[in-house]
Structure formats: structure tokens, C-alpha cells
Amino acid sequence: MTDLLCHFDAAPTLGGHALRDDPPPGEHPANRWLFLLSAEVREGHVTATPPLCHRCAPRVARARGSRKRSYTAVLVDGVRPWGVAGLLYDPTTLRPHPATDGGLSAVRYRSPRAPWVVAHQALISLHGITPVRLALRNTAA
Ligand SMILES: [Zn+2]
């Protein structure tokens with residue numbers, strides 16, 4: 001995650017070459033990261049999902065199915081470290097503190113809770129988000 005390599009084949013991920021449409025003037029997809037996310041994405045979206053390279057994005061999208069809203073593809077200008085997702089412990093009882101959804105707790109770096117979490121995943125925040133459509137034809141060599 002720290003190198004922002006493709007989570008499918010560990011290739012470099014800068015570039016949004018899987019776009020169906022030409023980017024509008026002023027857009028430079030070669031200098032942006034492409035993410036395929038399952039949630040609605042807004043500025044500052046926090047995720048544990050790494051970006052994808054231009055070769056893997058269509059393949060991953062096809063694997064998720066043609067169901068509408070099965071994924072959201074976005075180009076991102078900037079990625080910042082946000083925190084970690086992990087098992088949070090209560091500092092007074094030293095027992096695990098249950099997450100609200102039963103899963104891992106998201107804890108920001110420099111939070112007072114940060115020393116009390118056993119990290120499982122790095123979290124990043126996404127900035128300068130532009131939704132895009134992917135070309136789903138087979139581009140793999
Ligand atoms: Zn890839």
C-alpha cells in the first residue's frame with residue numbers, strides 16, 4: 001500500500017489508461033491513480049484498497065460482474081496516509097474494544113487511540129476524485 005502498486009499484479013499504477021472516453025482538456029490521467037471501489041466515493045474517502053494498474057482494472061471490473069453499482073471507478077490526484085484499521089483495545093480494561101460494525105476499527109494516525117490499536121491494514125485518503133468509466137474490453141496481452 002505504501003508504494004501504491006497494483007493490488008492485482010504489483011505493477012506501477014500511475015495512469016488511467018483504461019478509460020473509455022478521452023479525458024477532458026486539463027485532465028492528465030497519466031499522473032493520477034485509478035481505484036476501483038465498492039462504495040460511493042467522495043472527497044477525502046478513506047480506504048484500505050490499493051489502486052489498480054491500467055491492465056488489471058478492466059479484468060477486475062469484469063470479475064465483479066456487470067451488475068450496476070458493483071463498483072465505482074475513480075481517478076485520484078492525491079493519496080495521503082490516513083491511519084490504520086485494526087483491533088482496538090480499551091486502555092483501562094486492556095480488552096478488545098468492539099468496532100461499531102463488528103469488524104476492524106479505523107483509527108487516524110496521531111489519534112489518542114492510535115497506541116491502543118493492533119493494525120491490520122493501512123488506510124489512505126483520496127483527494128481530487130473524478131469518477132470515470134472503464135473500457136471493459138479485453139486489453140490484457
Ligand atoms: Zn495490475
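As the structure is a computational prediction, the values presented were derived from the model and not from experiment.

How each quantity is defined
- Residues numbered from 1 in each chain as written.
- Predicted model: local features only at pLDDT ≥ 70, side-chain atom pairs only at ≥ 80, totals over all residues.
- Helix = DSSP H or I, 4+ residues; strand = E, 2+ residues; numbered from the N terminus.
- Buried ≥ 20, exposed ≤ 12 C-beta atoms within 10 Å, placed from the backbone.
- Contact = placed C-beta atoms within 7 Å.
- Core = buried A, V, L, I, M, F, W, Y, C linked by C-beta atoms within 7 Å.
- pLDDT = per-residue confidence, 0-100.
- Pairing = 2+ DSSP bridges.

Some points on the overall build of the protein chain
Step number 1: Counting its secondary structure elements, the protein chain contains 1 helix and 6 strands.
Step number 2: Helices and strands appear in the protein chain in the N-to-C order β-β-α-β-β-β-β.
Step number 3: For the protein chain, with 141 residues in total, the buried portion stands at 28%.
Step number 4: Considering only intrachain contacts with a sequence separation of at least 6, the fraction spanning at least 24 residues in the protein chain is 71%.

Concerning unusual backbone geometry
Step number 1: Even without a glycine there, the phi angle at Ala-10 is positive, about 60°.
Step number 2: Inspection of the secondary structure assignment puts Ala-10 in the segment before strand E1 (33-37).
Step number 3: Here the phi dihedral of Arg-110 falls at roughly 70°; this positive angle occurs in a residue that is not glycine.
Step number 4: Given 7 C-beta atoms within a 10 Å radius, Arg-110 is considered exposed.

Some thoughts on helix H1 (residues 56-64)
Step number 1: Looking at H1, one finds that the buried residues are Cys-56, Ala-57, Pro-58 and Ala-61.
Step number 2: Residues of H1 that are buried make contact with E1 and strand E3 (72-89).
Step number 3: Positive phi appears at Gly-65, one or two residues downstream of H1, with a value of about 95°.

Observations concerning the nonpolar core
Step number 1: Judged by nonpolar contacts, the single largest core of 28 residues is most densely connected at Leu-34, Phe-35, Leu-52, Ala-57, Ala-73, Val-74 and Val-76.
Step number 2: Of all elements in the fold, only E1, H1, E3, strand E5 (105-108) and strand E6 (117-131) reach the threshold of two or more residues within this core.
Step number 3: Those residues within four positions of Ala-73 in sequence are excluded, and the remaining contacts are Leu-34, Leu-36, Ala-61, Pro-131, Val-132, Arg-133 and Leu-134.

Regarding the confidence of the model for the protein chain
Step number 1: On average, the protein chain scores 83 in pLDDT, and the residues at 70 or more come to 79%.
Step number 2: Within the protein chain, the element-level pLDDT minimum falls on H1, averaging 86, and the maximum on E5, averaging 95.
Step number 3: Under a pLDDT of 50 for its full length, residues 16-21 has, in the predicted model, 24 contacts with residues more than four places off or in other chains.

Quick notes on the pairing of E1
Step number 1: Here E1 lies mainly inside the structure; 4 of its 5 residues are buried.
Step number 2: Pairing between E1 and E3: 5 bridges, direction antiparallel. Its bridge partner being in E3, Trp-33 is matched across the sheet by Val-76.

A closer look at the environment of Val-107
Step number 1: With respect to the helices and strands, Val-107 occurs in strand E5.
Step number 2: Expressed as a C-alpha distance, the spacing of Val-107 and Trp-82, which sit 25 residues apart in the sequence, is 8.4 Å.
Step number 3: When neighbours within four sequence positions are excluded, Val-107 is seen to be in contact with Gly-83, Val-84, Gly-86, Leu-88, Arg-113, Ala-114 and Val-117.

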